[in-house]
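Architecture at a glance
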Amino acid sequence: MPDLDIDARGYLIDLDGTLISGQTVLRDARWLLNAVAGRFVLVSNNAEHTPAQLSRMLQTIGLAVDADSIILAGTSAIDRIAAEQPDASLLLLASPALRSYARRRGLQLDTPRPDVVLVARDRQFSYAKLAAAVSALTDGARLVVAAPDLSHPGTDGRPIPETGALAAAIIACAGTRDYTVIGKPERALFEMGCRRLGIDFSDAVMIGDNPQTDGLGARRLGMRFWQVHDGSIRHTPQLAVV
């Protein structure tokens, strides 16, 4: 059991590399969720699944987390676009689950001249999709990237491509341009997590395995950060804020 003071009003907890690795529950995960029960939300750069999907998956491996306590970069990016541009046309590079989610939010998919290109984690990414995204951006569509991660370590340690790698390919072809990133370390997911808990940044602790996303984003907002390393939670020194 970690020697930590569980005294904050609320906790934002990363998922992959913090609570689980693939289908494996990590060392301190069950202790942590029990210790902060009623005071946490999961905040993840996952850009492939919906909260309902992940809630069901976590249930199968013995982690009971309601969908309402899960905030994900992919679905949050769709929610942001739907709020800012109701009925927008969207070129969505994403999983079938996120495409269905976008339709339920009232967004139009697969139109000839989309208003927005949203890049999420698309396992079926292809040359044709790359060309379509570049064409849409050249015609004036705005670019939104669900999460900046280039890869994450698989259970065997090998890198698995992530959303940021797909976005990098598109930008390499379409040219450098302004674009919006929803996932950590940007502030959007941290804001949503604290709002859902009804707390200020100063009342929250971010717990995650990545100091460049979880840690940097937290420090920028004045939140404490506890790092998970090999499944164990520990306090971390202050990070430089950029």
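The present account deals with the structure reproduced in this document. As the structure is a prediction and not an experimental result, all values here were calculated from the model.

Structural notes on helix α6 (residues 163-174)
Taking 1.5 Å as the rise per residue, α6 with 12 residues should run 16 Å; its terminal C-alpha atoms sit 17 Å apart, in good agreement. Those residues of α6 that sit buried are T163, G164, L166, A167, I170, I171 and A174. An end-on view of α6 places all buried positions within 155 degrees of arc, on one side of the element. In this fold, the buried residues of α6 make contact with β6 (89-93), β8 (116-119), α5 (127-138) and β9 (142-145). Following α6 by one or two positions, G175 adopts a phi angle in the positive range, close to 95 degrees.

Observations regarding unusual backbone geometry
Here K184 and P185 are connected by a cis peptide whose omega angle stands at 15 degrees. Here the phi dihedral of D87 falls at roughly 65 degrees; this positive angle occurs in a residue that is not glycine. Looking at the secondary structure, you find D87 in the loop between α3 (73-84) and β6.

Some details on the sheet that holds β8
The 5 strands lie next to each other as β7-β6-β8-β9-β12, forming an open sheet whose pairing is parallel. Looking at strand neighbours, the two that pair on one side only are β7 (108-109) and β12 (180-181), the edges of this open sheet. Looking at chain direction, β6 and β8 are connected through 4 bridges and run parallel. Note that in β8 the partner of L91 across the bridge is V117. Seen against the sheet, α3 touches β6, β8, β9 and β12 and runs at an angle of roughly 165 degrees to β8. Lying over the sheet, α6 contacts β6, β8 and β9, oriented at roughly 140 degrees with respect to β8.

So, how was this worked out
- Residues numbered from 1 in each chain as written.
- Predicted model: local features only at pLDDT ≥ 70, side-chain atom pairs only at ≥ 80, totals over all residues.
- Heavy atoms only, no water.
- Helix = DSSP H or I, 4+ residues; strand = E, 2+ residues; numbered from the N terminus.
- Expected span 1.5 Å × (residues − 1).
- Buried < 20%, exposed > 50% of the residue type's maximum accessible area, 1.4 Å probe, protein only.
- Arc of directions from axis to C-beta.
- Contact = heavy atoms within 4.5 Å.
- Pairing = 2+ DSSP bridges.
- Axes fitted to C-alpha atoms, helices over the stretch in contact; angles between N-to-C directions.

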